[in-house]
Amino acid sequence: MRSQHCGFTQGRHPVCIVGAGVAGISTAYALSRMKVPFDWFDDGSQPGGLWRYENDNGKSAVYASLITNTSAPNMRLFGHHKPSFGERYLRHDEAMEYLEWFLERTGLRELLTPGTAVTSVERTNAGFTVTTRSRSGAAGSREYGSVVIANGRNWCPVVPKFRGEFSGRFLHSAAYKTPEILKDQRVVVAGFGNTGADIAVDATSCARQVILSTRGGGFLSLRYSRGGKPADLVRRTWTYRLPRLLRTKLAWLLLPKRGLSPKVVEALEARAVFRAKPPVINDRIAGLIDSDAIQVRPEIVDLAGSRVRFADGSTVEADVLIAATGFTTSFPFFSDEMLERNGGFRDRYFRVVAPAEPGLYFVGHAAVLGPVWPVIEEQARWVAGLITGECRLPSERTLARRARAQSASNARICRESARGEDTVETYPYIDALKREHGLRAEYTVS
């Protein structure tokens, strides 16, 4: 049965894309290849989204030392290869350089309306009314048959509420850029994820003391294999086709090959459940824990002035407290009524299609275990196929049922993760989505 989601309202500009990060850029490319006209808005004055360091839309959490957790071959879009990057892991500015190069190479930049925020997306009989506001204050409104939400999922900070008051400097990791603010300071970093580990490592370059606080710990992963090859290239083998439980058992057997000391394993992993959360990818933190440059403590219990007390009863005096506690999904352009009607858009088919809102699509709103950009590319291709009618969806009732089932299945992948329903694994997800849409990669280039 052909779903009411298929096809778009005919008109000069039938599609609206919200956001010009990787997801927005991928969507614009996929639509342009299918010759679908669209309007494309971003509230930053330049494209790039979170990859643009100190983006003037205030939504980039990139810090100066950030290195990607995905190697260059897995950060190509639609086969466009920049040979100078080789196979290594890129710095954040190199990732942005690639996006700039891709935009120029494909002629997409001129299609973007920068410095223009989408302030409202409302359902109408014909599709959606999208309202925008430019930096000069000029407002605009237009009808669209389809809207693609590509505004990113890592820009609205989750700020924890600790018991007590802290007299020192408190900031969320989203506001952290360089370690200079930590010079000669006693620093506590709350949260052991990729960002928390990176900031703790950064801090050791100039801080007087560095404490990493973690509620349950987590498992450490390294960027490179022992043979020097990027780990995300080595892991792309036939094993991803195995059942998840068997893949987990195989991964557990490979843990000793990381060569971590008993001290590091005890500090980070002794209280953690394997694969209950995404692994933390960091090549330096183990050595810094071994040398006591970073001390690991359990979760924070309370604050009193400059004193920070932890769950094991220990206390430290601190000057700076950094909450590396992640982000929450935010769709500020949707009304409360629309969010409530759709359950906050928690259940989406393949994390993309909103079952009760025909013509509304989400690209880049998945927490990905493995390379992220290939997932975004495949989502963008599928959305373009749905908008043109080349791809079909199940009936609305079947769509809603499958979306709920997928959310429940996703939540079991990393059962301790916040927003667990968003979690997907790169290659199993891409395989399943390709079976769903059946599109040929006709515009992949070398």
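Above: the structure in question.
Everything numeric here is computed off the predicted structure, so don't read it as measured data.

Reading the values: the criteria
Residues numbered from 1 in each chain as written. Predicted model: local features only at pLDDT ≥ 70, side-chain atom pairs only at ≥ 80, totals over all residues. Heavy atoms only, no water. Pairing = 2+ DSSP bridges. Helix = DSSP H or I, 4+ residues; strand = E, 2+ residues; numbered from the N terminus. Axes fitted to C-alpha atoms, helices over the stretch in contact; angles between N-to-C directions. Contact = heavy atoms within 4.5 Å. Core = buried A, V, L, I, M, F, W, Y, C linked by side-chain atoms within 4.5 Å. Buried < 20%, exposed > 50% of the residue type's maximum accessible area, 1.4 Å probe, protein only. Salt bridge = Lys/Arg side-chain N within 4 Å of Asp/Glu carboxyl O. Parallel < 35°, antiparallel > 145°, perpendicular 65-115°, else oblique. Left-handed = near helix turned anticlockwise from the far one by under 90°. Nonpolar A, V, L, I, M, F, W, Y, C, P; charged D, E, K, R; others polar. Polar contact = N/O pair within 3.5 Å; in protein donor to acceptor, adjacent residues only side chain to side chain.

**Structural notes on the sheet that holds strand S22 (residues 360-362)**
The strands making up a sheet associate through backbone hydrogen bonding, with each pair oriented either parallel or antiparallel. Read across the open sheet, the 4 strands follow the order S2-S1-S8-S22; overall the sheet is parallel. Two strands bound the open sheet, and with one partner strand each, they are strand S2 (38-41) and S22. This sheet shows a mean twist of 15 degrees between the axes of neighbouring strands, independent of strand direction. Inspection of the sheet shows strand S1 (residues 15-18) paired to S2 by 4 bridges, in the parallel sense. When the sheet's bridge partners are listed, Cys16 is paired in S2 with Asp39. Its contacts with the sheet place helix H1 (residues 22-33) against S1, S2 and strand S8 (146-149), and it is angled at close to 165 degrees to S2.

**As for the sheet that holds strand S13 (residues 209-213)**
Taken in spatial order, the 5 strands line up as S11-S20-S12-S13-S16 in an open sheet, and their pairing is parallel. Either end of the sheet is taken by a strand with one partner, and the two such strands are strand S11 (169-172) and strand S16 (295-297). On average, each strand axis in the sheet is inclined to that of its neighbour by 20 degrees, with strand direction left out of account. Looking at chain direction, S11 and strand S20 (residues 320-323) are connected through 4 bridges and run parallel. Looking at S20, one finds that Leu171 is bridged to Ile322. Strands strand S12 (186-190), S13 and S20 of the sheet are contacted by helix H3 (residues 194-203), whose axis makes an angle of about 170 degrees with S13.

**Observations regarding the nonpolar core**
A general tendency of soluble globular proteins is for nonpolar side chains to be buried together. Residues Trp40 and Trp382 are the most contacted members of the largest nonpolar core, which totals 87 residues. With 9 residues, the top contributor of residues to this core is helix H9 (residues 373-388). Residues in contact with Trp382, not counting those within four places in the same chain, are Tyr349, Phe350, Val352, Val353, Cys391, Leu393, Leu433, Glu436, His437 and Leu439. Counting residues in hydrophobic clusters, the runner-up holds 18 residues, among them Val121, Val130, Ile149 and Phe331.

**Observations concerning the pattern of salt bridges**
Between side chains of opposite charge, a pair can form as their charged atoms come close. Taken as a whole and judged by the stated rule, the model has 31 salt bridges. Lys59 is paired through a salt bridge with Asp43; the nearest N and O atoms lie 2.7 Å apart. Of this pair, Lys59 sits in the loop between S2 and strand S3 (67-71) while Asp43 sits in the loop between S2 and S3, and the two are 16 residues apart along the sequence. Among the ionic pairs, Asp422 bridges to Arg351, the shortest N-O distance being 2.7 Å. Residue Asp422 is found in the loop between helix H10 (396-411) and strand S24 (423-425), and its partner Arg351 is found in the loop between helix H8 (336-341) and S22; the two are separated by 71 residues along the sequence. Neither Asp422 nor Arg351 differs from the other in exposure class; each is buried.

**Brief notes about the packing of H9 against helix H11 (residues 426-437)**
Remark: H9 packs on H11, axes separated minimally by 10 Å, with the N-to-C direction vectors making an angle of 15 degrees. With respect to H11, the element H9 is oriented roughly parallel. When you trace H9 past H11, the crossing you get is left-handed. Facing H9, whose interface residues are Pro374, Val375, Glu378, Gln379, Arg381 and Trp382, H11 presents Thr426, Tyr429, Ile430, Leu433, Lys434, Glu436 and His437. Class assignment for the residues of the contact of H9 with H11 results in 6 nonpolar, 3 polar and 4 charged.

**Things to note about unusual backbone geometry**
The phi dihedral of Lys35 is positive, around 60 degrees, even though this residue is not glycine. Take Lys35: it is sitting in the loop between H1 and S2. Positive phi, normally seen in glycine, also occurs at Phe345, with a value near 60 degrees. As for its placement among the helices and strands, Phe345 is situated in the loop between H8 and S22. Classification of Phe345 as buried rests on a relative accessible area of 2%.

**A short note on the packing of H1 against H9**
Between H1 and H9, the shortest axis-to-axis distance is 8 Å and the interhelical angle comes to 40 degrees. Classified by the angle between their axes, H1 and H9 sit oblique to one another. At the point where H1 passes H9, the crossing takes the right-handed sense. Each of Val22, Ala23, Ser26, Thr27, Ala30 and Leu31 in H1 lies in contact with H9, whose residues at this interface are Trp373, Ile376, Ala380, Arg381, Ala384 and Ile387. Its residues assigned to classes, the contact of H1 with H9 comprises 9 nonpolar, 2 polar and 1 charged.

**Comments concerning the side chain of Asn57**
If you trace the backbone, Asn57 turns up in the loop between S2 and S3. In this structure the side chain of Asn57 is engaged in a polar contact, spanning 2.9 Å, whose partner is the backbone nitrogen of Lys59. Discounting residues that sit within four places of it in the chain, Asn57 has contacts with Asp42, Asp43, Gly44 and Arg135.

Any link to function would need more than the numbers given here.
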